[in-house]
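# Notes for the structure review
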Amino acid sequence: STATESSLAWTVSHDDFRLRATAAVQHAVGRGTLALRLGLGPTFIYEDRVRNQGMRAGLTGSDLETSALSTVPAAELEGVVALHVAGPWLLIVSGGPSLLVSEGAIHGGWTTQLGAGWQP
């Protein structure tokens, strides 16, 4: 995921990359599948900070722009519904709670996904 925020002084961009090992329990129901999926692994967070109008003020190097990369452990537990809508094509909806550990504190959130799939 990506987010960019600006203030009068800074423009800050965050890029999050999730790497997960997943396990799922699933059950076929009619034309669809219900599943419970658990994902564990690191989240890589890259942050880039640029001082607005810094080049006009003659700033260079770390006075103008800084960046940071960190890695935090994380997990998601998702409920998944997949429905065959046309032949091998599926509509997939999933969502559930997510946790990550940063600076010794646990932070919670929610993850959701909507997509298309193909299953022969």
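Presented here is a report on the structure given in the accompanying data block. All values reported here derive from a predicted model rather than from experimental measurement.

Turning our eyes to something else, we now look at the pattern of salt bridges. Within this structure, the stated rule accounts for four salt bridges. Between R18 and E76 there is a salt bridge, and its shortest N-O distance comes to 3.4 Å. In this pair, R18 sits in strand β2 (residues 10-18) while E76 sits in strand β5 (residues 65-86), placing the two residues 58 residues apart along the sequence. Using a relative accessible area of 7% as the deciding quantity, one classes E76 as buried. Across the salt bridge formed by E76 and R20, the nearest N and O atoms sit 2.8 Å from each other. With E76 in strand β5 and R20 in the loop between β2 and β3 (21-29), this pair connects stretches of sequence that are 56 residues apart. Put simply, R18, R20 and E76 are held in one network by salt bridges that share partners.

The sheet contact formed by β5 and strand β6 (residues 89-102) spans ten bridges and is antiparallel. Paired with E76 across the strands is S98, a residue of β6. Count of turn residues in the β5/β6 antiparallel hairpin: two residues, of which G87 carries a positive phi of about 60 degrees.

Rules of the game
- Residues numbered from 1 in each chain as written.
- Predicted model: local features only at pLDDT ≥ 70, side-chain atom pairs only at ≥ 80, totals over all residues.
- Heavy atoms only, no water.
- Salt bridge = Lys/Arg side-chain N within 4 Å of Asp/Glu carboxyl O.
- Helix = DSSP H or I, 4+ residues; strand = E, 2+ residues; numbered from the N terminus.
- Buried < 20%, exposed > 50% of the residue type's maximum accessible area, 1.4 Å probe, protein only.
- Pairing = 2+ DSSP bridges.

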